[in-house]
Each structure stands twice: as C-alpha cells, then as structure tokens.
Amino acid sequence: MKDSLKPGIEYNFSFTITKSKLVPALYPESDEFQGMPNVFATGYMVGLIEWTCIQAINPHLNWPEEQTVGTHINVSHVAATPAGLTVTVKTKLVEVDGKRLVFDVEAHDNLDIITRGKHERFIINKEKFDNRMNGKLKKAGI
C-alpha cells in the first residue's frame, strides 16, 4: 500500500439502476425472488457500496497485486429504488488499521437516502489469496 492510504479519503460514485439490478434478478432460480417487488436489491446495493470503496482506494494500493476484499458490512436498506433512478454512493475512509480499512458509507437515489452505515475491507496480496483459494478447491475435491 502507498503512503497516501490514510483516513479522510472520500469518493462518490453514481450508477443508474437497471432491471438487471432489481430483486427478481438477484437469484433467477428462486421462485420467491421472482414474486418480489421490482426494486433495487439489497444484495446489489451492497455490491455497489463495495465497488465505490474499491474505486476510492485503488489509487492508493499497488493494484492489481494488492486488492481488497469485503469483510464486514453494517447497513440498513431504508428506501426502495425503482429502475431508472440513479443511486449515488458516498464513501469516506475513516480508519486504517494495518490492512483493515473501515469506511463510512451513504447512498441516495436523488429522492431518498437509501442506506447509511459502515463497510470494512481487508488488503490482500492477490497471488497469495488465489493460491489459498486454489488449495481450498483442491482440498474440497473440486
């Protein structure tokens, strides 16, 4: 990681919600999800938060050798967003503890705040991480 990776880094990212990011698209195999409302899925919201945090800190890492993985998320999904609205995620890096990074996060859809909370990421060495995952697959017989 670079010396520039310090608390205070802020980043905003906007994404227009499409039908592919609505609840029924989350698990097309699930009959239960197919019958749910056509609104931005919480699972995709979490992914959008992660994407924004990654974009915020990648310039401060030795990317792609160093990357981050999400390790904790603490958010509430407090307002529904239909397709066609744009969601803007605002992140602020508030803590750097070795390889552990903590962000304050917030997102809105121009009409409502849809989430606020915290997200934690951990810096990894991509090659070492991939090697561990390949070992796990081998151990599982996959």
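Residues numbered from 1 in each chain as written. Predicted model: local features only at pLDDT ≥ 70, side-chain atom pairs only at ≥ 80, totals over all residues. Heavy atoms only, no water.

1. Topic: the environment of E66
Then, in step 1: In this structure, E66 sits in strand β2 (residues 66-75).
Then, in step 2: Relative accessible area serves as the criterion here: at 16%, E66 is assigned to the buried category.
Then, in step 3: Leave out the neighbours within four places in its chain, and E66 touches M1, L61, I123 and I124.
Then, in step 4: At 2.6 Å, the side chain of E66 and the backbone nitrogen of M1 are in polar contact. (Helix = DSSP H or I, 4+ residues; strand = E, 2+ residues; numbered from the N terminus. Buried < 20%, exposed > 50% of the residue type's maximum accessible area, 1.4 Å probe, protein only. Contact = heavy atoms within 4.5 Å. Polar contact = N/O pair within 3.5 Å; in protein donor to acceptor, adjacent residues only side chain to side chain.)

2. Topic: helix α4 (residues 126-140)
Then, in step 1: Over its 15 residues, α4 runs 21 Å from end to end, which matches the ideal 21 Å to within 8%, given 1.5 Å per residue.
Then, in step 2: Measuring from the backbone nitrogen of E127 back to the side-chain oxygen at the start of α4 gives 3.1 Å, which picks out N125 as the cap.
Then, in step 3: Taken from the residues just after α4, G141 is the one with a positive phi, measuring 75 degrees. (Expected span 1.5 Å × (residues − 1).)

3. Some points on the pairing of strand β5 (residues 113-125)
Regular strands have side chains that alternate between both faces of the sheet.
Then, in step 1: Bridge count for β2 against β5 is nine bridges, and the pairing is antiparallel. If you follow N74 over to β5, its bridge partner there is K118.
Then, in step 2: Judged from the nine bridges that link them, strand β4 (residues 100-108) and β5 form a sheet pairing that is antiparallel. If you follow A107 over to β5, its bridge partner there is T115. (Pairing = 2+ DSSP bridges.)

4. A look at the sheet that holds strand β3 (residues 86-97)
Then, in step 1: Pairing is antiparallel across the open sheet formed by five strands, whose spatial order is β1-β3-β4-β5-β2. Strands with a single pairing partner mark the edges of an open sheet, and in this sheet they are β1 (10-16) and β2. Within this sheet the neighbouring strands show an average axis-to-axis angle of 30 degrees, counted without direction.
Then, in step 2: As paired elements, β1 and β3 share seven bridges and run antiparallel to each other. Considered in β3, the bridge of T16 is made with T86.
Then, in step 3: Sitting on the sheet, helix α3 (residues 42-57) is in contact with β1, β2, β3, β4 and β5, with an inclination near 135 degrees to β1.
Then, in step 4: Strand contacts of α4: β2 and β5, with the helix running at about 90 degrees to β5, the strand carrying the most contacts. (Axes fitted to C-alpha atoms, helices over the stretch in contact; angles between N-to-C directions.)

5. Section: α3
One turn of an α-helix holds 3.6 residues; hence residues three or four places apart share an orientation.
Then, in step 1: Spanning 16 residues, α3 covers 23 Å between terminal C-alpha atoms, matching the ideal 22 Å at 1.5 Å per step.
Then, in step 2: Within α3, burial applies to M45, V46, L48, I49, T52, C53, A56 and I57. All buried residues of α3 project into a common sector of 160 degrees when viewed along the axis, lining one side.
Then, in step 3: Its buried side turned inward, α3 meets β1, β2, β3, β4 and β5. (Arc of directions from axis to C-beta.)

6. With respect to the pattern of salt bridges
Then, in step 1: Tallied over the full model, the rule gives seven salt bridges.
Then, in step 2: Between R100 and D97 there is a salt bridge; the shortest N-O distance is 3.6 Å.
Then, in step 3: Using a relative accessible area of 46% as the deciding quantity, one classes D97 as partly exposed.
Then, in step 4: Through salt bridges with shared partners, a single network forms among E95, D97, R100 and E120. (Salt bridge = Lys/Arg side-chain N within 4 Å of Asp/Glu carboxyl O.)

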